[in-house]
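Chain by chain, the residues:
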Amino acid sequence: MNFNVSQEKAITHGKGPMMVLAGPGSGKTLVITRRTKYLIEEYGVDPRNILVITFTKAAANEMRERFQKLMGENHIPVNFGTFHAIFFTILKYAYHFNSGNILKEDQKKQFMREIIEKLDLEIEDEKDFINGIENEISLVKGERINLDHYYSINCSEDIFKKIYEEYDNRLRRANLIDFDDMLVYCYELLKERKDILKIWQDKFRYILIDEFQDINKIQYDIIRLLAKPEDNLFIVGDDDQSIYRFRGAKPEIMLNFEKDYMNAKSVLLDVNYRSTVKIIEGAKRVVKNNMKRFSKNIITINSEGEDIQLKTFKELALENQTIIDEVLSYQKKGIPLSEIAILFRTNTQPRALLEKFMEYNIPFKMKDSMPNIYEHWIAKNLIGYIKLAMGQKDRSLFLQIMNRPKRYISREYLTETTVDFEQLKRKYSDKDWMIERIEKLEYDLKMLSNMNPFSGINYIRKGIGYEEYLKEYADYRRIKIDELLEVLDEIQESAKNYKTYEEWFTHIEEYALELAEQAKNQRENDIDSITMTTMHSSKGLEYEVVFIIDANEGITPHHKAMLEVDMEEERRMFYVAMTRARKYLHIYSVKERYNKELEISRFVGELLLDISELKTGAWIEHKMYGPGEIKQNKDGKLIIYFKNIKKERTLDLNFCVNHHMLKLINKK
């Protein structure tokens, strides 16, 4: 098999540290498996002394299979595994742990639910809250942060500390460890016990790591210990594809690798075998706007290809209809649905698009679990109000809404399975202000009963005061109110086309059944279907056709990206999404979503204009000032002399690019 020059250099590397910068579609798996083979056959390395580490079990299995296929029928005992699997093996020998000591995911969730209940926390979005707390616990353990110096993003510091300590105590009492403990215990063991460290250093004399850009601090600290004293550490990754900072990944570890290993050799796998020239050039224009990265010039052996299709739609419905039309068109051209992917920033985005696919009977599969919007706690509150307005009197329904917003109704007074308002008022006969609140609720339910679903939800929001309740809850949970209002907007928008509550409820039931059917089809896995996936989950995949939807500010980049490090991660995510496409790439944005105006993503602006071409002497066309000549580009500021107004203007470079204010022109 023929290799390019960079691949050859990486594969034949012998002793000492090496960093392989592997651009998208550049053959990194090939390099790792071939180098492993080369070490065994050309350098005479004992296969048992080679360790190949990946981040997921699936990747480890695939790497092992690719290697065994390469080596033929003979079993070659190279060590393949994830960080957790390898580190747990070390702990097993030292502490006699077995699989029964590992905390299972369902146990972890149960622990968290019990702790929340014990602390009497009023949490509506329990699933999201638990996921957030688990990520924070993982971060604290992985970074070895002192709890007294940690500021929680999900709850007060006092509550987080109580949750953390109770969770940790439960693990100790049950003699269990979680995945983060595996790393912490392993690091502490190897740091303290030089004799045990020496055993594993002798065992793993050559270490190869895939997707190194996703490594976190404690993983790196352990690897550095294991790699000594020979430092035969071969790392493969792409800093431009580091998109797991929320899990503790630190791309700066890769950026500083040559400082940690001054004698490290490096090689750039710069040939992309996947995408067309126009896709690669477009992706490069976007990612080069990141400051903290290795500068690299990726090329491709493929054809020029089609232009990247950029479209902006007046509203979401038009975007979704266009996607349907394009998908059907590609299908007619002979491209199977399995070669088409719809990529989005978060898994809550594509609900309306899914309904459109269902309407047209186009099969799809979700790489991520697709939450049913109608099962969201906000939807349950709205439906609770409506069902009570329709005459249902279930205690369970009333409990959902009675203090949303606060009415100070006590559940102790609700002793029956159904609610009787007259009886409830009698129990509060000594409190006129409570009777007023109950009568106001009765009035609101009566008003609701005569409305259509869209108007009814609007009345719950504004007339009953549900939005005010959400604002209070957002403050309590330390989340942005916009996140909750967007859910509310989406539910209300979904109700727009239905005249009665009964019709809307029928739609909700049918939608749930269809989602279940799609999930079943996905398990059967033999139906030609479109892939729907978040940008995160698209990593490592490729398709003939890719649609990136809702390329808007606040969505991608996400509104939570406030710091520069977060914005650079968002840009890397967009780069990853773009480079999933082999031939056809569509990037769509909308002007309006749920009656709110949106700006087109800054990444679209960066795609349209190459910042490296904004040099002194270049001519541009400005949306407001017309043609002009760049006199200086320095420190993020452009000084431009504009011909029409015969004046210089100093403009912010990022603002001009992000808002599509400039385009390059020939000299006039």
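Look above for the structure.
Model, not experiment: these values are computed from the prediction.

Student: Any chance you could explain the sheet that holds strand β10 (residues 340-344) here in plain terms?
Tutor: Adjacent strands of a sheet form backbone hydrogen bonds with each other and so pair up, either parallel or antiparallel. Reading across the sheet, the six strands line up as β9-β14-β13-β10-β12-β11 and stay open at both edges, with parallel pairing between neighbours. If you trace the sheet from one side to the other, it starts and ends with β9 (309-313) and β11 (364-366), each paired once. Each strand axis lies, on average, 20 degrees off the axis of its neighbour in the sheet, ignoring direction. By the bridge criterion, five bridges tie β9 to strand β14 (residues 581-590) in an arrangement that is parallel. Pairing of Phe-313 across the sheet is with Val-590, part of β14. Here helix α25 (residues 564-578) sits on the sheet and contacts β10, β13 (543-548) and β14; the angle it forms with β14, its principal contact strand, is near 130 degrees.

Student: What is the right way to look at helix α9 (residues 194-203) in this model?
Tutor: Along an α-helix, residues three or four positions apart point the same way, because every turn accommodates 3.6 residues. Taken as a whole, α9 has its buried residues at Ile-196, Leu-197, Trp-200 and Gln-201. All buried residues of α9 fall inside an arc of 140 degrees around its axis, so they share one side. Against α4 (83-95), α8 (179-192) and α10 (217-227) lie the buried residues of α9.

Student: Sorry, what's going on with the environment of Arg-48 here?
Tutor: Relative to the assigned elements, Arg-48 resides in the loop between α2 (28-41) and β2 (50-54). Residue class for Arg-48 comes out partly exposed when judged on its relative accessible area of 49%. Along the backbone, Arg-48 and Glu-258 are 210 residues apart, and their C-alpha atoms lie at a distance of 28 Å. Sequence-distant contacts of Arg-48, defined by excluding residues within four places in its chain, comprise Pro-77, Asn-79 and Lys-203. Of the polar contacts made by the side chain of Arg-48, one reaches the side chain of Asp-46; its length is 2.9 Å.

So, how was this worked out
- Residues numbered from 1 in each chain as written.
- Predicted model: local features only at pLDDT ≥ 70, side-chain atom pairs only at ≥ 80, totals over all residues.
- Heavy atoms only, no water.
- Pairing = 2+ DSSP bridges.
- Helix = DSSP H or I, 4+ residues; strand = E, 2+ residues; numbered from the N terminus.
- Axes fitted to C-alpha atoms, helices over the stretch in contact; angles between N-to-C directions.
- Contact = heavy atoms within 4.5 Å.
- Buried < 20%, exposed > 50% of the residue type's maximum accessible area, 1.4 Å probe, protein only.
- Arc of directions from axis to C-beta.
- Polar contact = N/O pair within 3.5 Å; in protein donor to acceptor, adjacent residues only side chain to side chain.

Shape is all these values report; function is a separate question.
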